[in-house]
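Residue strings, one per chain:
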Amino acid sequence: MKLYQLPAHRLSRLLKERKISVEEIVTSFLHQIEMVEDKIRAFLFLDEEEALKEARQWDRIISEGKDVGPLTGIPIAIKDNICIKDKETSCASRILKGFYPPYSATVIERLKKAGTIIIGKTNLDEFAMGSSTENSAFQITRNPWNLEAIPGGSSGGSAAAVASGEVPLALGSDTGGSIRQPAAFCGVVGLKPTYGRVSRYGLVAFASSLDQIGPITKDVTDCALLLQIISGKDPLDSTSLDYPVPKYTDFLIPELRGIRIGLPKEYFIAGTEEEVKKSILRAANVLEDLGAHVEETSLPHTDYAVATYYLIATAEASSNLARYDGVEYGHRTKKGENLIDMYKRTRQEGFGEEVKRRIMLGTYVLSEGYYEDYYGKAQRVRTLIKQDFDRAFQKFDALITPTSPTVAFKVGEKIDDPLKMYLSDIFTISANLAGIPAISIPCGFSRDNLPIGLQILAKPFDEETLLRIAYAYEQNTEWHKREPKILKDEESEVEK
Ligand code: GLN
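Residues numbered from 1 in each chain as written. Predicted model: local features only at pLDDT ≥ 70, side-chain atom pairs only at ≥ 80, totals over all residues. Heavy atoms only, no water.

J.: Would you mind showing me how to read the side chain of T133 here?
T.: With respect to the helices and strands, the residue T133 is situated in the loop between β3 (117-122) and α5 (156-163). Since its relative accessible area comes to 1%, T133 is described here as buried. The contacts of T133, once residues within four sequence positions are left out, are N123, L124, D125, Q139, T141, P151, G152, G153, S154, S155, G156 and G157. (Helix = DSSP H or I, 4+ residues; strand = E, 2+ residues; numbered from the N terminus. Buried < 20%, exposed > 50% of the residue type's maximum accessible area, 1.4 Å probe, protein only. Contact = heavy atoms within 4.5 Å.)

Rendered as structure tokens:
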């Protein structure tokens, strides 16, 4: 095994035993980046020198015998819609090209304090709008399992970077599935926390009532460790909640006695690939063998989730994106004849097609005469969807579903058909509408060797139950141990 193939918790153990140094860890990942990045194209920006400098600093601190945290010295990649002070944050949009935030997001401050080493910023669909990362204005990221396939989206860069061994940890953001779906497509673990669990301060807003930042990792233990660092109330985000943060690793126990799990029948609809369905049902059997009680249930308003989401998310996006007018941030047209013309041209030049489509849709559903019919109605249906979950969680501790109806699709396959693209979020968006936490973990492979994701959903602020079920499943299956070929290419690093 090479260092870049190991999860963070194992690297951390080797570091504590003084078998390796932080510099060796960082060098190993930078080397892997050099080997594969021209194929994967996960990063918009890399900070090798800074990473090595920080690595040496931590080595010095460790050699002085100081007690360090469980993720100290571990490399991490950050989705490029999360602000890092003085580092370009483009959201993969031309309109933010040249925007250097004057402050860092709260999650970044916490990661720095915990000693993780930020290696770079990862590619995404422009402003996190999309499901394939093809909406990036700058580059197409490839799926490490098959370079002809998309990595999912919108946090495709982060998921692909973890899956290809470029980093062991990454942060993504999830408004309608953008952490879980790419994690599923790339065969890694991705968790969307409860709305309010993690501070959104410094996350560029897409749809403020749905957005959450969360971990993308190689395994469940790393997911628990990273979630621990970023969770908790932040005075700078009034929507973050002051709810106690438990020690998540305490819940990583490999059995499930007494756990009740629901299998919502609406998630096994036509259009879901047979292989996906089979893998989820097989996973349900494994969970039963581990002591859980699994039973079919129903979330009757599931059918309305996609429509509801695309009304609410676009409405919020149209309002959030109004600030990009060439005055304060990033790009400004060179051709504006007067102020209004300058606004128009800046936005016309700066935004990509999908972002424009959403701004128009969102503006429409909020406009006088249509507001009640669309936006108002969507808000009410959102409540019904939330109530479906409330009801289900009276009986069950968690629900399991496929993360996505399909495995990763080919580059170009859905890009000209927005509706088809939107439908690929059908199983992930309800969690955002209801504000509940959800995780995706690997649970199988298609005939073409593409990963399949199992989604687990739980009550608000019950991330520990998600992690417990995910961990028990992971420890009793082998899926997370499979690696894409790109990770196994023989190189001359010392065996550890
Ligand atoms: N794919 C969904 C969309 O396009 C979700 C994106 C996200 O979660 N950021 O809106």
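There's plenty left to go through after this.
J.: What am I meant to see in the UniProt feature "domain: Amidase" (unreviewed entry) in the protein here?
T.: What UniProt calls "domain: Amidase" (unreviewed entry) maps, in this numbering, to residues 24-467. With 37% helix and 14% strand, residues 24-467 has end C-alpha atoms that lie 30 Å from one another. (UniProt positions renumbered as here; feature names shortened; annotations may be inferred.)

J.: Could you clarify how one ought to interpret unusual backbone geometry in this entry?
T.: Among all residues except glycine, the phi angle is most often negative; among peptide bonds, the trans geometry is most common. Going from G153 to S154, the amide bond is cis rather than trans, its omega being 10°. For S154, the position within the fold is in the loop between β3 and α5. A positive phi angle, near 65°, is found at D86, a position not held by glycine. Considering the arrangement of structural elements, one finds D86 in the loop between β2 (75-79) and α4 (106-113).

J.: Could you clarify how one ought to interpret the packing of aromatic side chains in this entry?
T.: Each aromatic ring pair is specified by the distance between its two centres and by the angle formed by the two planes. Scanning the model with the defined rule gives 17 aromatic pairs in all. For the pair F99 and Y329, a centre-to-centre distance of 5.4 Å together with 80° between the ring planes defines the contact as edge-to-face. Taken together, the residues F99 in the loop between β2 and α4 and Y329 in the loop between α9 (305-320) and α10 (339-350) connect sequence positions 230 residues apart. Judged by its relative accessible area of 22%, Y329 is partly exposed. With 4.9 Å between their ring centres and 55° between their planes, W145 and F445 make a pair best called tilted. With W145 in the loop between β3 and α5 and F445 in strand β10 (residues 438-445), this residue pair connects regions lying 300 residues apart in the sequence. Comparing W145 with F445 shows no difference in burial state: the two are buried. Put simply, the rings of F99, F127, Y324, Y329 and F351 pair up and form one aromatic cluster. Over the face of the ring belonging to F138 we find K97, whose NZ or CZ atom lies 5.0 Å from the ring centre. (Phe/Tyr/Trp six-rings, centres within 6.5 Å; stacked < 30°, edge-to-face > 60°. Lys NZ or Arg CZ within 6 Å of the ring centre and 35° of its normal.)

J.: Help me understand the pattern of salt bridges in this model?
T.: Note that side chains of opposite charge can pair when their charged atoms are close. A complete count under the given rule lists 23 salt bridges for this structure. A salt bridge links E23 to R56, with the nearest nitrogen and oxygen atoms 3.3 Å apart. Of this pair, E23 sits in helix α2 (residues 22-40) while R56 sits in helix α3 (residues 48-63), placing them 33 residues apart in sequence. On the basis of relative accessibility, which here comes to 38%, the residue R56 falls in the partly exposed class. R358 is paired through a salt bridge with E354; the nearest N and O atoms lie 2.7 Å apart. (Salt bridge = Lys/Arg side-chain N within 4 Å of Asp/Glu carboxyl O.)

J.: Quick question: what am I supposed to make of the pairing of strand β9 (residues 398-402) here?
T.: Within a regular strand, the side chains alternate between the two sheet faces. By the criterion of burial, β9 is predominantly enclosed, with five of the five residues buried. Sheet analysis places β9 next to strand β11 (residues 451-458), joined by five bridges and oriented antiparallel. Following the sheet pairing, I400 is matched in β11 by I456. (Pairing = 2+ DSSP bridges.)

J.: When you look at the sheet that holds strand β6 (residues 212-217) in this model, what are you seeing that I'm missing?
T.: With mixed pairing, eleven strands are arranged side by side in an open sheet as β1-β3-β2-β4-β6-β5-β10-β11-β9-β7-β8. Strand pairing shows two members of the sheet lacking a second neighbour, β1 (43-46) and β8 (293-297), which therefore form its edges. Ignoring which end each strand starts from, the neighbouring axes of this sheet average 30° apart. Sheet topology note: the strand β5 (residues 189-192)/β6 ladder contains two bridges and is antiparallel. Bridge assignment links G190 to a residue of β6, and that residue is I216. (Axes fitted to C-alpha atoms, helices over the stretch in contact; angles between N-to-C directions.)

J.: How should α5 be read in this particular structure?
T.: An α-helical turn contains 3.6 residues, so a residue and the one three or four places further along point in the same direction. α5 sits mainly inside the fold: eight of its eight residues count as buried. When we look at burial in α5, the residues that qualify are G156, G157, S158, A159, A160, A161, V162 and A163. Downstream of α5 by one or two residues, G165 has phi in the positive range, about 75°.

J.: Mind showing me how you'd approach the site of the ligand here?
T.: In the region of the ligand, 15 residues are neighbours, and T175, G176, S178, Y309 and R358 sit closest. For the ligand, a nitrogen atom lies 2.8 Å from a polar atom in the backbone of G130. Take R358: an N or O atom from its side chain is 2.7 Å from an oxygen atom of the ligand. Considered on its own, the ligand offers 290 Å² of accessible surface; in the complex 100% of this is hidden by protein. At a threshold of 2 Å from the grid points, most atoms of the ligand map onto the second largest cavity. (Near = heavy atom within 4 Å. Polar contact = N/O pair within 3.5 Å; in protein donor to acceptor, adjacent residues only side chain to side chain. Areas by Shrake-Rupley, 256 points an atom, 1.4 Å probe, with all protein chains shown as cover. 1 Å grid on protein atoms, 1.4 Å probe; cavity = no way out; pocket = protein on both sides within 12 Å on 5 of 7 lines; lining within 4 Å. Sits in = over half its atoms within 2 Å of the grid points.)

J.: Explain the packing of α2 against α3 to me, please; I cannot follow it from the model alone.
T.: Describing two packed helices takes the angle between their axes plus the distance from one axis to the other. It is at 8 Å that the axes of α2 and α3 come closest, and there the two elements cross at 155°. In terms of axis orientation, α2 runs roughly antiparallel to α3. Only E48, A51, L52, A55, R56, W58, D59 and I62 of α3 make contact with α2, whose side of the interface consists of V22, E23, V26, T27 and L30. A per-class count over the contact of α2 with α3 returns eight nonpolar, one polar and four charged. (Parallel < 35°, antiparallel > 145°, perpendicular 65-115°, else oblique. Nonpolar A, V, L, I, M, F, W, Y, C, P; charged D, E, K, R; others polar.)

J.: Teacher, can you tell me more about the UniProt feature "active site" (unreviewed entry) in the protein here?
T.: Mapped onto this structure's residue numbering, the UniProt feature "active site" (unreviewed entry) falls at K79, S154 and S178. Judged by maximum C-alpha separation, these annotated positions cover 100 residues in sequence but sit close together in space, the widest gap being only 10.8 Å. Set against the second largest cavity, the annotated residues that line it come down to S178. A relative accessible area of 0% means that S154 is categorised as buried. Residue contacts for S154: discarding those within four places in its chain leaves K79, N123, L124, D125, A128, M129, G130, T133 and S178. On the secondary structure map, S178 appears in the loop between β4 (169-174) and α6 (180-186). Beyond its immediate sequence surroundings of up to four residues, S178 is in contact with K79, A128, G130, G153, S154, S155 and S173. Looking at S178, its side chain comes within polar contact range of the side chain of S154, at 2.7 Å.

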